[in-house]
Amino acid sequence: MHPTWRLQRLLHQFRHALAAPSRNPRTAVVIGRLLAAAFLLCFATGIYSHFIQDPLPGMAFLTRPVWLYQVSQGIHITAGILCFPLIFAKLYAVFPELFQTPPIRSFPHFLERASIAIFVAASLVQITIGLLNTYQWYALFPFPFRQTHFALSFVVIGSLAIHIAVKLTTISRYWRKKDSFDDNGDLVVYDEDPDAVFDQPDELRRLTGKPMNSGITGRMFAWIDKEPEETPPPGKATQKTPQQEAQTSRRGFFVTIGLVSAALVTFTAGQSFRVFDATNIFGPRKNDIGPQGLPVNRTAKAAKVIESATSTDWNLTVSNGDVTRVYSYQQLQAMPQYEVELPIACVEGWSQYAHWTGPRLSELVDSVGAKRGATVRITSLEQNSSYAVTEMQPEFVRDDLTLVALALNGETLDIDHGYPARIIAPARPGVLQTKWLSTLEVMA
Amino acid sequence: MTAIRRWQIALMIVGVAFLALGGIVLLTDIKPTRYLGIAGWFVGALIIHDGIVAMVIFGVSVIMRKFGRRIPGVVIAIVQGALVIAAIVAAIVVPEILKQGIGTANPSILPLDYARNLGLFYAGLAVVTGLAIAGYLAIFARRQKLRPSISHD
């Protein structure tokens, strides 16, 4: 009987049971601001990382500071991890909205709820696949990670803009603390929410006469809210006012989110930022762990280069149109050797400085008469990789710090770090620091 | 037209443009055979969020509502906070432990003993939580003693 009104009552009861001091529009605005900032940071750094790998025609990138990409991508991953506590906090703050009655009031309301569903789903998927990608758990992805992560970034930011537009009145009302609470410390309420009042006479009551606390769920919710019988012992003067209790609850909420965010940064950010290295206990990478004390992403075995890279007739072919020069390993060693201190900074967020030695890329391409503004196509011996052939833009080719590195931290390159020769350039993602070099072609 | 209205329209335009851009990237960069996989993740996210996590949080909220009144609010806030911190750190670290169990492409990926570290983190969290409660209750008890003497004056 009256299924619609029974559902309405159940949803009212749910919302009432979920009412809590920290679940209010002010909390949603405070957490929402932080989450939006984290999303925008992730988006900006993500777009930077995308275009430095796939530049549009005419794009040029900064080669200084040398840690630019390292910091940008470290921020991407760290802010992405911080999105977890923030999004959980945001969803917690607006939780009762999930049980709105009627679930859909009008077409605009349908659009609002649908856009929020897409926003929530896209955001959760985006941060989850991002995290799992840093654990290299690719088997869970029935889609190409990079393209999906890129496409979803626009969906997330677009939904964010729409969400802000829809909620702008609420956001402006609760933007400042002094507008959000009255002199008693109670939240200023602009729109009374009938769902939050427990004994509001509803349609079911009008039709059947049944009060809110009847039936199984009604009795249960009434029992939940029954005040304890015993009164506080007399003289217990420290009994707090409802406003103080509410403040405690709200403060507890914000302190918790602050602490968990601080803990996550402290215990993971060491993979990207050396200052946190000592406390890096949860980062998927750890500085100084790997061959020659440096982490590795793709090993020589995985790239199927062990034979070709250790072959005695390995050489590096440098060409410019019809001009071709072939360098043996010994000839590369005989060139002027430069030493640079540059980070390997992976798209997955981890990074570490190392000491590299080898000839300058610019001197190699000059030996075949490269023009100053020329791009260089770099080919690796590695198999089955979309990064086996990449292009380096002139600003990186011409940079004095860009080397064809033969040695790492004073030792011959480990084969997993790209023996016999690899590229190392400032402010570029690790995936473009091509290992196991085969050819360098100067482009027109 | 108010300022808010103008901002709303501008944000809506930006939002729809970005959604369209996301759609174009999806259509051009990803094979249609993969769409089902992406859709599956979306549905999965909504089911896990709305169907499982939301219901668990609902249950916990209701229990706290019923039984939380007998305990000082600050103590509840501290315990709740510690449990939330434990849960969120688990959400980040447990998948890492699972993936480590499956195996990694080379030893420099997931090189730490994450299960032990999570245990150590929880031990530390329990100690800090205990100290915070003890500290609060000590202050609370002192205030209780002081209060009557003030009112006699």
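Look above for the structure.
Scope of this entry: the structure provided in the associated data block. Remember, predicted model here, so these are calculated numbers, not experimental data. (Residues numbered from 1 in each chain as written. Chains lettered and ligands numbered in written order. Predicted model: local features only at pLDDT ≥ 70, side-chain atom pairs only at ≥ 80, totals over all residues.)

### Focus on the overall build of chain B
Put simply, the rule is: Going along the chain from the N terminus, every DSSP run of H or I of four or more residues is numbered as a helix, and every run of E of two or more is numbered as a strand. Between the two quantities, the radius of gyration covers C-alpha atoms and the globule rule is 2.2 Å times the number of residues to the power 0.38. Here exposure depends only on C-beta density: within 10 Å of a residue's C-beta, 20 or more other C-beta atoms make it buried, 12 or fewer make it exposed, and intermediate numbers make it partly exposed, the C-beta atoms being placed from the backbone.
A tally of helices and strands in chain B yields 4 helices and 0 strands. Across chain B, helices and strands are ordered from the amino to the carboxyl terminus as α-α-α-α. Against the globule reference of 15 Å for 153 residues, chain B gives a C-alpha radius of gyration of 25 Å, more extended than a compact globule. Counting the 153 residues in chain B, one finds 17% classified as buried.

### Observations concerning the interface of chain A and chain B
Cut-off, in case you're wondering: Residues are treated as contacting if the C-beta atoms built from their backbones sit within 7 Å of each other. Amino acids are sorted into nonpolar (Ala, Val, Leu, Ile, Met, Phe, Trp, Tyr, Cys and Pro), charged (Asp, Glu, Lys and Arg) and polar (every other residue, Gly among them).
Opposite the 67 residues of chain A that make contact, chain B presents 64 residues. Listed by contribution, the elements that provide at least two residues to the side of chain A that touches chain B are helix 1 (3–18), helix 3 (68–93), helix 4 (107–134), helix 5 (145–166), helix 6 (168–173) and helix 10 (242–268) of chain A. Among the elements that take part in the side of chain A that touches chain B, helix 5 of chain A stands out by supplying 14 residues, more than any other. The class makeup of the residues in the side of chain A that touches chain B is 48 nonpolar, 15 polar and 4 charged.

### Observations concerning unusual backbone geometry
Cis geometry marks the peptide bond from Arg64 of chain A to Pro65 of chain A; its omega dihedral reads -10°. Mapped onto the secondary structure, Pro65 of chain A falls in the loop between helix 2 (25–53) and helix 3. The backbone phi angle of Asn384 of chain A is positive, close to 50°, even though this residue is not glycine. The class of Asn384 of chain A is exposed, set by 8 C-beta atoms lying within 10 Å. With a phi angle near 50°, Leu110 of chain B is a residue other than glycine that sits in the positive phi range. Along the chain, the position of Leu110 of chain B falls in the loop between helix 3 (73–102) and helix 4 (114–152). Note on Leu110 of chain B: 25 C-beta atoms within 10 Å, which makes it buried.

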